[in-house]
Structure formats: structure tokens, C-alpha cells
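Coordinates in review
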Amino acid sequence: MESVRRRLAPAMTAARFTRVTVRRPDLRIPFPRRFAARLTGETVVALTRRAKYLVAELSSGETLLMHLGMSGSFRVERAGTGGRAQRAPGLHDHVVFEMSTGAVVTFNDPRRFGFMDLLTPRQLAAHPVLSTLGPEPLSAAFDASSLALALRGKKTSLKASLLDQRVVAGLGNIYVSEALHRAGLSPLRRASTIATPSGKPRPAAHRLSAAIKQVLIEAVERRRTPSYRVHRFQVYDRENEPCRTRGCGGTIQRRTHAGRSTFYCPSCQR
DNA sequence: ATTGAGACCTGTCGGC
DNA sequence: TGCCGACAGGTCTCAA
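What you see is a predicted model; the values in this text were computed from it and never measured. (Residues numbered from 1 in each chain as written. Chains lettered and ligands numbered in written order. Predicted model: local features only at pLDDT ≥ 70, side-chain atom pairs only at ≥ 80, totals over all residues. Heavy atoms only, no water.)

1. Regarding the sheet that holds strand β8 (residues 115-119)
Pairing between the strands of a sheet is mediated by backbone hydrogen bonds and can be parallel or antiparallel. So the rule is basically this: Pairs of strands are assigned from DSSP output, requiring at least two bridges between the strands. Where helices and strands are cited, they refer to DSSP runs of H or I of at least four residues and of E of at least two residues respectively, numbered from the N terminus. Lines fitted to C-alpha atoms define the axes, with helix axes restricted to the stretch in contact, and inter-axis angles between N-to-C directions lie between 0 and 180 degrees. Only heavy atoms enter the contact rule, under which two residues are in contact if any of them lie within 4.5 Å.
Strands sit in the order β2-β3-β4-β8 across an open sheet of four strands; the sheet is antiparallel. Only two strands of the sheet have a single neighbouring strand rather than two, namely β2 (44-50) and β8. Strand-to-strand twist in this sheet, taken as the mean axis angle between neighbours without regard to direction, amounts to 20°. Here strand β4 (residues 63-67) runs beside β8; their pairing, made up of five bridges, is antiparallel. When the bridges of β8 are listed, threonine 63 appears paired with leucine 119. Lying on the sheet, helix α1 (residues 2-12) is in contact with β2 and β3 (53-58); it crosses β2 at an angle near 175°.

2. Some thoughts on the protein's contact with DNA strand C
For the record, the criterion: Here a residue is near a molecule or strand as soon as one of its heavy atoms is found within 4 Å of it. Nitrogen and oxygen atoms within 3.5 Å of one another constitute a polar contact, given that in protein one can donate a hydrogen and the other can accept it, and given that sequence-neighbouring residues count only through two side-chain atoms.
Near DNA strand C you find 17 residues, and of these Lys52, His67, Tyr236, Arg260 and Ser261 are the closest. Sugar and phosphate atoms form 60% of the subset of DNA strand C atoms that lie within 4 Å of the protein. Contacts to DNA strand C include lysine 52, whose side-chain N or O atom sits 2.4 Å from a phosphate oxygen. With respect to DNA strand C, the side chain of serine 261 contributes an N or O atom lying 2.2 Å from a phosphate oxygen. Listing elements by their share of the surface near DNA strand C, those giving two or more residues are α6 (173-183) and β10 (260-264).

Don't take any of this as a statement about function, it's just geometry.
Rendered as C-alpha cells:
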């Protein structure tokens, strides 16, 4: 999402919505009343991100909230000039933003797990999801101590806890698998075991918080270069392939856990 | 309160 | 080639 934000920011920041088209209203949650009308004419003061949400602060004081779900994406194009016809909308193009910069931003989402919402300041402050999100993993607020406190007493697995957005915001299935592998921790391990009973961080908490930060920094960095397309993860989608940990020699396993695939090396992740 | 399973929806891929 | 099931990077709800 951070990479998406960086790509959209030049097209949308300080730009006005000159036209907003909702082509398909039934995304995961219904659009709010008069969505297009409320947005049209507004200027984007800032385009930020919180967890996996894209957040556009508007000049009206309202906030445009966007989520890509599993299959959502944005396309940025230049508006047709000199009377050239606008590109025909593609399959699953659900929302089109025409911006005063001449950029046309199109939201495409085959599975329609994504959504957009328009929040008043009051709604934003009381948002049931946003207001309960955990710390941003790359912020100073997230470290071994805060992670240990959050996982103290948790009976569920490390895997499940790290996917819980209230523990740490913005981690998904892939990066949880990758971070646990880097930290040498089993996804099946009880979450509470990285903390002492009083919630102090054990060494595993230090390794895990550091691994999460490293994995995310590298992921965003990789998106800046063309090489990301051929990148192979260390464990994700590598079932039955050799573990890449130096001197490990294990084989990556895949398990389904609460309907989600978990990849890990039983030999170097304990 | 916490936890896990199922649901939401469409596309793709591998096996037959 | 065509059909069918399994699976997909995320939440949300429901029931135990």
C-alpha cells in the first residue's frame, strides 16, 4: 500500500477532483450517500496511508478512505487531449477520478473486496477499525517492548496475532510469513511466549520486531527497482523448496491455518 | 473477551 | 479443448 500511495501521490496531491464516476456501486461496503457529488470539486490536501488504508485528506475536512481488498489496484493515466476520446473503461473498473492535474485515476477490483468511504471528522475519529489499529510497524511506537505488551497472555499463534491489525497495523499474509522466518520463529508458536508474564520482551520479541521492520523496508525499497518482479520470497509460495537460511538445510512447509496459507521452515523456525 | 471458521467475489491454474 | 476443484496478497461476522 505504501508503494501504491507513492505512485498516486503526484497525481492526486494538491489536485482537485473534476469528475468522479462510480461505475459499480456494490463493492465490499456500499458507497456513502452522494459520494461522487461530495468529492467533486474537493482538493486533496494530503495523500497518506494508515495500515492498508489509503487516506486522502480533503479541503472540506472530510476524508476519503480507500482499501484495495485482495485484488484491487489503481491505474494512473493522462486524460485524452486534443479531442482524443477517453480510453474505454475496462472490466472491473469501478471508480474513475478525473483530477485537475489531467491525471485519470482508475480503481479496478475484480473480487470487489475493496471499498471507498467518505468520512466526516467525527466519523473518522470514531471509526471502528481505524481507531483500534495497532502501531505502524515502521514507527518508533512499534518495537520489542510494545510488541511484547500486545502479545502478553495471548493464547493464539504468532501467525494469527501478527495478522491482527490491532496488534500491529498493515501486515498481511506474505509479510507475516517472511518476518517469522527471518526471526527464526515458528508461526504456530504461542504468541505469549515472546513476552515475560509481566509483558517484558524476551529475545524473541526483539528479533521479531526487528524482522518485521526489515522485511517491510526491503519490500518498499524493492518496489523502486524493476527487480521486484522476479523476486522470490524466502518462504512464501515456496512449499517443498529448500530453506534459504544459511546452513539450515530444511524444507519449506505449507499449512492451512484459519483458511490462510502459512509457509515456514520447521527446521530453523522454532 | 478471545478465538477460529466461514463468508464475501472473481480469476487463474493444475489435473483429468 | 473443456470442465472442476483448489486457491488467491483481506476483512468481517458469527458462534463456541
